[in-house]
Amino acid sequence: DWTCEQVKLAELSVGSFWNGPAIDPAIADWQKDTAVASLVGAVTQRRLPMDRATQRIAAFARQAGDNKQQELALVFAGVFHVLTPERRKVIDGLDRFGQRPKVLAAHLRQEGETLRAAQTSTPPDNAKVADLTQHLLCDQQFFETRRQSLRFACDVATTIEQRLYGLSQAIQQNLG
C-alpha cells in the first residue's frame, strides 16, 4: 500500500546516521543544556540552509572546548530526537493519504463505465452524457492534483532524512 517511489522505512536507527561516541537519543538530556537545545532548534529547521547549519555546528564545536565530544553527542541526540518524530508524522500522513487514491481510482473507473453506458444508450441522452463527462473530467483533475501532492509529500520524508544525515555528518566532522 506504500505510494512513494522510495522504499518505506518505518523507523530510523541511530546507527544509520551516527558513528560518534555511544549515545542513546531516547534518554539523552540534550534539552537541559540551553546551548545544545538552541542549536538543535535552529539546525533542524528546514528553512535554514544546510551550509548555514554546518557553520553553526562548527562554531558550536569551537566554543565547546574540552567538552566538545560530549556536547556534540548531545547535539546529535537532539537532532535525532527532533527529526525522527517529524519524519514519522510525515510517514503516517503518507500512509493515510496514500489510501485515498485507490478509492478515487475505483470511483473514476465506475464513472467511466457509467459514461460509456450513457453514450451507448439508445436514444442517447446528450444532457446526461455532457453532465457525466463534466463530472468525470473534474474528478480526473482532482485525482491528478492529489497524485502530484502525494509526490511532493513523499519528497518531504526524503528531505527530512537527508537533513538528518547531513547534520549528523557535520556534527561528526567536528568531533576531532
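Since we're looking at a predicted model, the values are computed, not measured.

Peer 1: Mind laying out the side chain of arginine 163, listing which residues take part and the relevant values?
Peer 2: With respect to the element layout, arginine 163 can be found in helix α4 (residues 126-173). Put simply, arginine 163 is tucked away with no salt bridge, and the nearest opposite charge, on glutamate 86, sits 8.0 Å away. If near-sequence neighbours (up to four positions away) are discounted, arginine 163 is found in contact with Val43, Thr44, Gln45, Arg46, Leu48, Pro49, Met50, Ala53 and Leu83.

Peer 1: How would you sum up the state of the cysteines? Please name residues and give values.
Peer 2: Applying the stated criterion across every chain yields a total of one disulfide. Cysteine 4 shares a disulfide with cysteine 154; S-S distance 1.8 Å. Handedness of the cysteine 4-cysteine 154 disulfide follows from its S-S torsion of about -80 degrees: it is left-handed. Here cysteine 4 is found in the segment before α1 (34-43), whereas its partner cysteine 154 is found in helix α4, with 150 residues between them in sequence. For the pair shown, cysteine 4 and cysteine 154 are each scored as buried.

Rules used in this analysis
Residues numbered from 1 in each chain as written. Predicted model: local features only at pLDDT ≥ 70, side-chain atom pairs only at ≥ 80, totals over all residues. Heavy atoms only, no water. Helix = DSSP H or I, 4+ residues; strand = E, 2+ residues; numbered from the N terminus. Buried < 20%, exposed > 50% of the residue type's maximum accessible area, 1.4 Å probe, protein only. Lys, Arg positive; Asp, Glu negative; His and termini not counted. Salt bridge = Lys/Arg side-chain N within 4 Å of Asp/Glu carboxyl O. Contact = heavy atoms within 4.5 Å. Disulfide = S-S within 2.5 Å.

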